[in-house]
Every structure is written in structure tokens, then in C-alpha cells.
Amino acid sequence: SVESRKITMVYRIYVEKKQGLENEANALKNDIVSLLQIKGLKKLRLFNRYDAENITKELFDYSVKTVFSEPQLDIVYDKLPEDDAVVFAVEYLPGQFDQRADSAAQCIQIISQGDRPTVRTAKVYVLYGDLTESEIAEIKKYVINPVEAREATLDKPETLKVNYEIPTTVKTLDGFINL
């Protein structure tokens, strides 16, 4: 069938609040400067990264301005700014529920009346200023909750499909009752 031969591609965009509306980024910058005492941080930008798969280019482009962003409030980028800054991304751990990705996938499915696309999100932090390696590590520790999230790669994946290895044996703990 034509459907099974469809080439799957991952589309990616970055969404940032317009100037004057970047309250979350400003609040986080203030927390880092005041709570963590990292005075070298001069500016912080926050982007929501969206990766989508199993979607046509036309539907993705339509979704950019209807699902992934609000044109009155947001600026959309195809790639991150390439200037002198520290950049890292944070994504949910596999198995953790990503409300933003789930809502986006539902909205796109409603718009298309078709199959539900695969959507993944990440929050991208862009830090400006004179920061040491230990200060960057401290900032990462502050924003990444290891119970639910991890640092994400900045590279765009070939696919959003996740292959889990299914264990063939179950580990047995001998002497448990005696403990």
C-alpha cells in the first residue's frame, strides 16, 4: 500500500515567547542569579522544541501556527540561534507522561481527522554570560529533575520510534527473605 511506503521524516521547530512575554525565562534567570548566586548569567532564553513524525509537511506547517505556537505571543524558529551561548535541552525520561507532546498530537489528529502523529518535546535553555563549567553544571542540576527528566541531545533524530529491549529472563534475588 501507498501508506506503508510513505517515507517518515522528523520535523523540528523551536518556539520562544515574544519579547515582553518571556516571563518564565526571566523568572528562571532571576532564580539562578539570586538563589544559586551565579552572577555571571546575563541573559537566559527558553525555547520549547517540538519534533513530529508520521505527519505530512503541509500538516506540520499548518500545525506550527495553530498547535505548536500562538502567532500573537510566540516566535517560531527552524533552528536555534548560533551565537556565543551555552545551550542544553531537557526532555522527559522514557515512560514519563509528556502533557505538552500528548496535547499537540491530539490537536493535530483532530485537525487532520487522520492518524495520530508522534510528537516529542524538549525545553531548550540558552545561557548568555561568563559562566564556568561548575556554574553550568549547577544550573543544569537546578533545572533537571532526575526523577522525571534528563538532558536531551541537540541533534535531530532519524526517527521518534523507541525500541525497548524486552528482557528474556527475570533477575532473581536469592536470600531476600533472610534480609
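The structure we're discussing is the one just above.
None of these values were measured; they are calculated from a predicted model. (Residues numbered from 1 in each chain as written. Predicted model: local features only at pLDDT ≥ 70, side-chain atom pairs only at ≥ 80, totals over all residues. Heavy atoms only, no water.)

### Structural notes on helix α4 (residues 133–143)
The periodicity of an α-helix, 3.6 residues per turn, causes residues three or four places apart in sequence to face the same way. Turning to α4, its buried residues are Glu135, Ile136, Ile139 and Val143. One face of α4 carries all of its buried residues, which in axial projection span an arc of 100°. Pointing more than 90 degrees away from the buried face of α4 are the exposed residues Glu133, Ser134 and Lys141. Packed against the buried residues of α4 are α1 (23–34), β4 (86–92) and β5 (118–129). (Buried < 20%, exposed > 50% of the residue type's maximum accessible area, 1.4 Å probe, protein only. Helix = DSSP H or I, 4+ residues; strand = E, 2+ residues; numbered from the N terminus. Arc of directions from axis to C-beta. Contact = heavy atoms within 4.5 Å.)

### Describing the sheet that holds strand β6 (residues 149–152)
Strand order in the open sheet formed by 6 strands is β3-β1-β2-β5-β4-β6, with antiparallel pairing between adjacent strands. Here the strands that pair on one side only, and so sit at the sheet edges, are β3 (74–77) and β6. Each strand of the sheet is rotated relative to its neighbour by a mean of 30°, with strand direction disregarded. As paired elements, strand β2 (residues 41–53) and β5 share 12 bridges and run antiparallel to each other. Pairing of Leu41 across the sheet is with Gly129, part of β5. The sheet contacts of helix α2 (residues 57–68) involve β1 (11–17), β2, β3 and β5, and relative to β1 the element is tilted by about 15°. (Pairing = 2+ DSSP bridges. Axes fitted to C-alpha atoms, helices over the stretch in contact; angles between N-to-C directions.)

### Structural notes on the layout of surface pockets
If you add up the space inside the largest pocket, you get close to 550 Å³. Lining the largest pocket are 32 residues, with Val15, Glu16, Lys17, Leu46 and Asp74 positioned closest to its centre. Of all the secondary-structure elements, those providing two or more residues to the lining of the largest pocket are β1, α1, β2, α2, β3 and α3 (99–112). The calculated volume of the second largest pocket comes to roughly 410 Å³. At the level of elements, β2, β4, β5 and β6 are the ones that each hand at least two residues to the lining of the second largest pocket. Here the element with the most residues in the lining of the second largest pocket is β5; it accounts for 4 residues. For the lining of the second largest pocket, a count of residues per class yields 11 nonpolar, 5 polar and 8 charged. (1 Å grid on protein atoms, 1.4 Å probe; cavity = no way out; pocket = protein on both sides within 12 Å on 5 of 7 lines; lining within 4 Å. Points joined across faces, edges and corners; volume = space filled by probe spheres on them. Nonpolar A, V, L, I, M, F, W, Y, C, P; charged D, E, K, R; others polar.)

### Comments concerning the environment of Asp174
Position of Asp174 among the secondary structure elements: in the segment after β6. Note on Asp174: relative accessible area 70%, which makes it exposed. Sequence-wise, Asp174 and Glu138 are 36 residues apart; in three dimensions their C-alpha atoms are separated by 40 Å.

### Points about the packing of α1 against α4
The interhelical angle for the contact between α1 and α4, taken along N-to-C directions, is 125°, at an axis separation of 11 Å. One way to sum up the angle between α1 and α4 is to call them oblique. Regarding α1 and α4, the two cross each other, and that crossing is right-handed. Contacts between α1 and α4 involve Leu28, Asp31 and Ile32 from the former and Ile139, Tyr142 and Val143 from the latter. Among the residues forming the contact of α1 with α4, the class breakdown is 5 nonpolar, no polar and 1 charged. (Parallel < 35°, antiparallel > 145°, perpendicular 65-115°, else oblique. Left-handed = near helix turned anticlockwise from the far one by under 90°.)

### Details of the packing of α2 against α3
Packed helix pairs are characterised by how far apart their axes lie and by the angle those axes make with each other. Taken N-terminus to C-terminus, the directions of α2 and α3 make an angle of 120°; their axes are 10 Å apart at the nearest point. Relative to α3, the element α2 is oriented oblique. The way α2 lies across α3 gives a crossing that is right-handed. On α3, the residues that touch Leu59, Tyr62, Ser63, Thr66, Val67 and Phe68 of α2 are Ala104, Cys107, Ile108, Ile111 and Ser112. Class assignment of the residues belonging to the contact of α2 with α3 gives a composition of 8 nonpolar, 3 polar and no charged.

### Describing the packing of aromatic side chains
Inspection of the entire model under this criterion finds 5 aromatic pairs. Ring centres 5.1 Å apart and planes at 25° place the aromatic pair Tyr11 and Phe60 in the stacked group. Of the two residues, Tyr11 sits in strand β1 while Phe60 sits in helix α2, which places them 49 residues apart along the sequence. An angle of 70° between the planes, with centres 5.6 Å apart, marks the rings of Phe47 and Tyr77 as edge-to-face. Of the two residues, Phe47 sits in strand β2 while Tyr77 sits in strand β3, which places them 30 residues apart along the sequence. Cluster of aromatic residues (ring-pair linked, three or more members): Tyr11, Tyr50, Phe60 and Phe68. For Lys43, the ring lying beneath its charged end belongs to Tyr128, and the centroid distance is 5.4 Å. (Phe/Tyr/Trp six-rings, centres within 6.5 Å; stacked < 30°, edge-to-face > 60°. Lys NZ or Arg CZ within 6 Å of the ring centre and 35° of its normal.)

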